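Below, each chain spelled out in residue letters.
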Amino acid sequence: ALSMFGTTVGLYGIPWCKKSLLLTVLMSVIGASMGILDTGGNVLALNTWGAEAGPHMQALHFSFAVGAFVAPILAKMALGGSESKDFPITGKTNQSVPRSVPTASAASAASTLQHHLGADFLWSYVVIGTYLLFVSFFFFILYSKGSSARDKSKASLQKCTFAKYHYALITLLFIFFFCYVGAEVTYGSYIFTYAKVFAEMKENEAAALNSVFWGAFAACRGVAIFCAACLYPGTMILLSIIGSAVSSSCLAFFATYPASLWVGTAVYGASMATIFPSGISWIEQYTVVQGKSASLFVIGAALGEMSIPLQGRFHHVPVVMYAALVTSAMTVVLFPLMYTLANSPNESDLKEMGESEDRKALLSNSGLNEDEE
């Protein structure tokens, strides 16, 4: 509730900013609020549904994918509609404005256009901020009426036990999410540029390729809601990393072929869709996932996103494809290692096994059969 309210404050304030410092502060407030929301949402889902959180976790992250896929389309439609309707000279100003038009008139038209689009952006921020304010209000209501649920979740948390290699698992999953989210955002951000520079596609074809990636990503997350009800999280992760490894290999070595580029992009997007929510559901089966652990997962994902601009310096090398291949290889290596550590018996399990063996030995020495026992 607090994170949604903080995002609302930032959205309400941004359209009125006249100073870059104030804009930076408000953007930082939104970024921090969204980071808290990402962490708190995952922990809230685990605390609410426990072992049955798989489909709910997939639905939560499906909403992220739908928003990422739909929002740019809606924004383009809104801006495109206003431009073509009222200001036809935008977009291709040099071709549309006759040479006889004075420069002052063109500057006046640009100023009018900027004012018009500024009003549209203002209402966009107000509408989205109001929507988030209502969501924040409902979360505050749930919090005020959920004291018994919080006590129950604390009691169930105390009954849970930590895995033998708890900290090693958290660290490895941190690195796992660093590679996964970094690869996901890198490919989604740079595939458009790759298609234009290296594949020599037209702008609309490159945009379509980008839409194929995010569309397959969102669609597969929607299907994963139902798959999570009948498949274990580990199985879904295994299928995802195999698909990402195969598709990234094809993209790295055969992306010069158009069919390989299109099919590989779709398969890669679908393979990347379920890894993050499945990873959180999977680790929760073996050890306790508290707020600190979940925040480390989100930090690892954010660091993966922040490392993206580093590849922008290499203009003549298809770094995006090699990055996808390397990160896929990392996930293929990390997951079996995490699975081995997670299934290692802890001291309490070994103690119970020893007591069971001692009990069987005593019963066998006493000569009692099953009925007498």
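How each quantity is defined
- Residues numbered from 1 in each chain as written.
- Predicted model: local features only at pLDDT ≥ 70, side-chain atom pairs only at ≥ 80, totals over all residues.
- Heavy atoms only, no water.
- Helix = DSSP H or I, 4+ residues; strand = E, 2+ residues; numbered from the N terminus.
- Buried < 20%, exposed > 50% of the residue type's maximum accessible area, 1.4 Å probe, protein only.
- Contact = heavy atoms within 4.5 Å.
- Areas by Shrake-Rupley, 256 points an atom, 1.4 Å probe, with all protein chains shown as cover.
- Expected span 1.5 Å × (residues − 1).
- UniProt positions renumbered as here; feature names shortened; annotations may be inferred.
- Patch = residues over 30% accessible without salt bridge, like charges linked within 9 Å, V, L, I, M, F, W, Y side chains within 5 Å.
- Salt bridge = Lys/Arg side-chain N within 4 Å of Asp/Glu carboxyl O.
- Axes fitted to C-alpha atoms, helices over the stretch in contact; angles between N-to-C directions.
- Left-handed = near helix turned anticlockwise from the far one by under 90°.
- Nonpolar A, V, L, I, M, F, W, Y, C, P; charged D, E, K, R; others polar.
- pLDDT = per-residue confidence, 0-100.
- 1 Å grid on protein atoms, 1.4 Å probe; cavity = no way out; pocket = protein on both sides within 12 Å on 5 of 7 lines; lining within 4 Å.
- Points joined across faces, edges and corners; volume = space filled by probe spheres on them.
- Phe/Tyr/Trp six-rings, centres within 6.5 Å; stacked < 30°, edge-to-face > 60°.
- Core = buried A, V, L, I, M, F, W, Y, C linked by side-chain atoms within 4.5 Å.
- Domains from an automatic or database assignment.

The chain appears in an unreviewed UniProt entry as Sodium-dependent glucose transporter 1 from Gavia stellata.

Peer 1: How do you make sense of the overall build of the chain when you look at a structure like this?
Peer 2: A tally of regular secondary structure across the chain gives 14 helices and zero strands. Beginning at the N terminus, the succession of helices and strands in the chain can be written as α-α-α-α-α-α-α-α-α-α-α-α-α-α. A buried classification covers 34% of the 373 residues belonging to the chain. Long-range pairs, those at least 24 residues apart, make up 82% of the contacts in the chain with a sequence separation of at least 6. On the chain, roughly 22200 Å² of surface is accessible, and the fraction owed to carbon and sulfur atoms is 67%.

Peer 1: Mind showing me how you'd approach helix α2 (residues 20-49) here?
Peer 2: For the α-helix, the turn length of 3.6 residues means that residues three or four positions removed from each other point alike. Compared with an ideal rise of 1.5 Å per residue, which puts 30 residues at 44 Å, α2 spans 43 Å between its outermost C-alpha atoms and is within 8% of the ideal. All of the buried residues in α2 are L26, I30, S33, T39, N42, V43, A45 and L46. Following α2 by one or two positions, G50 has its phi on the positive side, about 60°.

Peer 1: Looking at this model, I keep getting lost on the UniProt feature "transmembrane region" (unreviewed entry) in the chain. Mind explaining?
Peer 2: Here, the residues flagged by UniProt with the feature "transmembrane region" (unreviewed entry) are residues 20-47, 59-79, 122-144, 165-192, 212-232, 237-255, 261-283 and 320-342. The span residues 165-192 is 96% helical and 0% strand by assignment, and the distance between its end C-alpha atoms comes to 41 Å. Annotated as residues 261-283, this span is 91% helix and 0% strand, and its ends, taken at the C-alpha atoms, are 33 Å apart.

Peer 1: Before we go on, may I ask you to explain a nonpolar patch on the surface in this structure?
Peer 2: A grouping of L2, F5, V9, Y12, L133 and F140 is seen on the molecular surface, where their side chains present a nonpolar patch of about 540 Å² in accessible area. Within the residue set of the nonpolar patch, elements represented by two or more residues are α1 (2-13) and α5 (103-144). Looking at the nonpolar patch, the element that brings in the most residues is α1, giving four residues. With respect to the helices and strands, the residue F5 is situated in helix α1.

Peer 1: Got a minute to help me understand helix α13 (residues 319-342) in this structure?
Peer 2: Compared with the 34 Å implied by 1.5 Å per residue over 24 residues, the 34 Å span of α13 between its first and last C-alpha is a close match. Inspection of α13 places V320, M321, A324, T327, S328, T331, L334, F335, M338, L341 and A342 among the buried residues, and these make up the whole buried set. Summarising the contacts, the buried residues of α13 are in contact with α7 (166-197), α9 (233-254), α10 (258-272) and α11 (275-284).

Peer 1: Sorry, what's going on with the side chain of T8 here?
Peer 2: Within the fold, T8 resides in helix α1. For T8, a relative accessible area of 2% gives the class buried.

Peer 1: Which parts of the structure should I look at to understand the packing of α7 against helix α12 (residues 291-306)?
Peer 2: How two helices sit against one another is set out by the angle between their axes and by the gap between those axes. The contact between α7 and α12 brings their axes to 7 Å, and the two run at 35°. Relative to α12, the crossing made by α7 is right-handed. Judged by residue contacts, H166, I170, L173, F174, F177, F178, V181, G182 and V185 of α7 engage S293, L296, F297, I299, G300, A301, L303, G304 and E305 from α12. For the contact of α7 with α12, the residue count by class is 12 nonpolar, five polar and one charged.

Peer 1: I keep staring at the confidence of the model for the chain and nothing clicks. Help me out?
Peer 2: Any segment with low pLDDT has predicted coordinates that should not be analysed in fine detail. With 73% of its residues at a pLDDT of 70 or more, the chain has an overall mean of 77. Across residues 82-110, where pLDDT falls below 50, the model places 17 contacts with residues more than four positions away in sequence or in other chains.

Peer 1: How should I be thinking about empty space enclosed by the protein in this particular structure?
Peer 2: It is a probe the size of a water molecule, rolled over the atoms, that shows where empty space is left. All chains considered together, the criterion is met by one cavity of 30 Å³ or more. When its volume is computed, the largest cavity comes out at roughly 40 Å³. Those elements that place two or more of their residues in the lining of the largest cavity are α7, α10 and α13. Across the lining of the largest cavity, the residue classes tally to six nonpolar, four polar and no charged.

Peer 1: Explanation requested: the environment of A228 in the structure shown.
Peer 2: Mapped onto the secondary structure, A228 falls in the loop between α8 (203-227) and α9. Residues A228 and S278, 50 residues apart in the sequence, show an inter-C-alpha distance of 8.4 Å.

Peer 1: What am I meant to see in the packing of aromatic side chains here?
Peer 2: The geometry of an aromatic ring pair comes down to the distance between the two centres and the angle between the two planes. Summed over all chains, the structure comprises 14 aromatic pairs. Here F177 and F297 contribute two aromatic rings whose centre-to-centre distance is 5.6 Å and whose plane-to-plane angle is 75°, an arrangement assigned as edge-to-face. Here F177 is found in helix α7, whereas its partner F297 is found in helix α12, with 120 residues between them in sequence. Take F177 and F297: they sit in the same class, and that class is buried. Aromatic rings pair up to connect Y187, F213, W214, F217 and Y268 into one cluster.

Peer 1: Would you take a moment to explain the nonpolar core for this structure?
Peer 2: Across soluble globular proteins, nonpolar side chains have a tendency to be buried as a group. The biggest cluster of nonpolar side chains holds 53 residues, and the ones touching the most others in it are F176, Y187, L261 and M321. Broken down by element, the residue count for this core peaks at 14 residues, all from α7. There are two domains that each give this core at least three residues, and those are domain 1 (1-78 + 118-144) and domain 2 (161-345). Formed by eight residues, the second largest nonpolar core is a distinct cluster that contains L11, I14, C17 and L132.

Peer 1: What am I meant to see in unusual backbone geometry here?
Peer 2: Phi is mostly negative for residues that are not glycine, and the peptide bonds are mostly trans. The phi dihedral of E200 is positive, around 55°, even though this residue is not glycine. Summarising the element assignment, E200 is placed in the loop between α7 and α8.

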